[in-house]
Amino acid sequence: MSFTALSAPAMDAYVLNLCTRIPSDHPMKHYRSPICCQAISNAREAIFVRAPPPPPSSNPLYSLRKGLPMRSSQCYSLDMKDYSTSCSNKFQLDDVVESQQFDTDILNGIFEVAYEMEKIEKNSPGSNMLKGYLMATLFYEPSTRTRLSFESAMKRLGGEVLTTENAREFSSAAKGETLEDTIRTVEGYSDIIVLRHFESGAARRAASTASIPVINAGDGPGQHPTQALLDVYTIKREIGRLDGISLGLVGDLANGRTVRSLAYLIAKYQKVKIYFVAPDVVKMKDDIKEYLTSMGIEWEESSDLLEVASRCDVIYQTRIQKERFGERIDLYEAARGKYIVDKNVLEVLPKHAVIMHPLPRLDEITVDVDDDSRAAYFRQAKNGLYIRMALLKLLLLGW
């Protein structure tokens with residue numbers, strides 16, 4: 001149901017009816033208390049609905065999480081006084097699972113908030129907008145930038161962090177606990193979960209299980225949507241536009257969740273051309289190529305990095321990921337070092353163009369490139385803080 005069309009009295013009646021429909025012998029009968037429909041007479045200011053954690057099949061209030069911004073742990077609200085004016089043309093962000101969930105309007109909205117977060121970070125010691133909120137970070141794979149930027153984002157907005165590093169080894173997963181059981185447990189301790197997992201699709205499973213927001217911080221060779229968001233934000237800030245750009249994706253395109261997510265996201269824009277430059281063993285997979293074709297995006301495969309660099313607004317270099325090759329070290333060695341961004345690339349790269357990299361890098365960008373103004377990868381990493389601050393704000397507070 002869309003709440004924007006409801007008057008305050010109609011909203012009163014709807015929420016009251018929903019709450020009273022819970023049977024008196026239901027396990028959640030204690031949610032039929034005044035806390036569920038707090039101060040109905042004052043509903044023009046705010047309506048609070050207690051949303052208990054069980055799944056939709058046993059919890060008639062569960063669906064309200066998808067429609068109402070969260071005010072405090074397990075308590076959701078709709079501010080009537082400003083919802084109709086500020087949110088009627090906005091979006092409700094529930095989880096961040098994959099790049100395909102966004103359209104250009106949503107992206108523009110996120111980028112507007114990210115720019116506001118940038119001003120908060122630069123002009124003040126921080127903000128208390130998320131004071132009282134707890135974020136749980138569950139990382140089953142190693143991470144530096146993603147985990148620390150999420151934790152920094154939460155703390156800069158006044159929130160607190162619960163974290164476990166290397167959850168694959170140092171959490172109950174080592175004892176055989178399922179991801180679903182872990183999520184059901186952790187959501188009882190926190191208001192939002194940031195998950196990195198080694199299996200594709202893990203974030204979607206977590207989001208379908210949890211009654212609090214879940215953010216995909218990378219799921220195996222699948223996707224890394226927050227990286228794609230910060231990448232597109234960086235391109236916008238560096239180049240000044242997103243429509244009509246030429247983008248060269250270089251390196252491990254088969255296993256790179258960052259380039260897959262970026263391809264999905266940049267396809268939302270007009271007149272984009274993508275060049276794929278990769279060793280044969282890690283070429284971009286057909287599903288991405290087919291998706292781009294279906295979206296009317298022109299793409300081309302090339303083995304000549306210098307030729308591609310001369311045509312591009314953005315060169316997006318990636319690391320050949322040794323951890324994705326398993327025991328086939330011979331294939332890794334064959335792919336590693338074939339395409340390197342160095343001074344030769346800088347010589348042919350247009351003056352307005354930029355070089356990006358999701359990091360960490362090994363030897364695929366030489367260190368003498370770092371001093372060139374077109375080397376944007378450390379600015380790109382800093383933009384991850386602003387995007388993640390924006391996502392936390394939108395997921396926990398809405399607009």
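Residues numbered from 1 in each chain as written. Predicted model: local features only at pLDDT ≥ 70, side-chain atom pairs only at ≥ 80, totals over all residues. Heavy atoms only, no water.

### Comments concerning the nonpolar core
Put simply, the rule is: Only buried residues count toward a nonpolar core, which is a set of Ala, Val, Leu, Ile, Met, Phe, Trp, Tyr and Cys residues joined through side-chain atoms within 4.5 Å. Per-residue accessibility, obtained with a 1.4 Å probe over protein chains only, is compared with the maximum for each type, and a residue is labelled buried under 20%, exposed over 50%, and partly exposed between these values. By definition, any uninterrupted DSSP run of H or I lasting at least four residues is a helix, any uninterrupted run of E lasting at least two residues is a strand, and each is numbered from the N terminus. By definition, residues are in contact when any of their heavy atoms lie within 4.5 Å.
Of all hydrophobic cores here, the largest spans 68 residues; its most connected members are F102, I110, F111, L249, I266 and I387. By residue number, the principal contributor to this core is helix 14 (residues 377-397), which donates ten residues. Beyond its immediate chain neighbours, meaning those up to four positions away, L249 contacts V259, L262, I274, Y275, F276, V277, M284 and Y316. V250, Y275, I365 and A375 belong to the second-largest nonpolar core, a separate cluster that totals 19 residues.

### Structural notes on the sheet that holds strand 5 (residues 160-164)
Selection criterion: Strand pairing is assigned whenever DSSP detects at least two bridges linking the two strands. Every axis in this analysis is a line fitted to C-alpha atoms, fitted for helices over the stretch in contact. Angles between the N-to-C directions lie between 0 and 180 degrees.
Pairing is parallel across the open sheet formed by four strands, whose spatial order is 5-4-6-7. This sheet does not close on itself; its edge strands, each paired only once, are strand 5 and strand 7 (214-219). Ignoring which end each strand starts from, the neighbouring axes of this sheet average 15° apart.

### Section: helix 6 (residues 179-186)
Heads up, the rule is: The arc in question is the one spanned by the directions pointing from the helix axis to the C-beta atoms.
Within helix 6, the full set of buried residues consists of L179, T182, I183 and V186. Projected down its long axis, helix 6 carries its buried residues within an arc of 100°, all on one side. Next to the buried residues of helix 6 lie strand 4 (134-139), strand 6 (192-197) and helix 7 (202-209).

### Side note on the sheet that holds strand 12 (residues 354-356)
Strand order across the open sheet formed by five strands is 10-9-8-11-12, with parallel pairing between neighbours. Looking at which strands have only one partner, the edges of the open sheet turn out to be strand 10 (298-302) and strand 12. Pairs of neighbouring strands in the sheet enclose a mean axial angle of 20°, with direction left out of account. As defined by bridge partners, strand 9 (residues 273-277) adjoins strand 10 across five bridges and the pair is classed as parallel. Its bridge partner lying in strand 10, F276 is registered against E301. Against the sheet, helix 8 (residues 225-239) contacts strand 11 (314-317) and strand 12, and its axis sits at roughly 165° relative to strand 12.

All quantities given are derived from atomic positions and should not be read as evidence of function.
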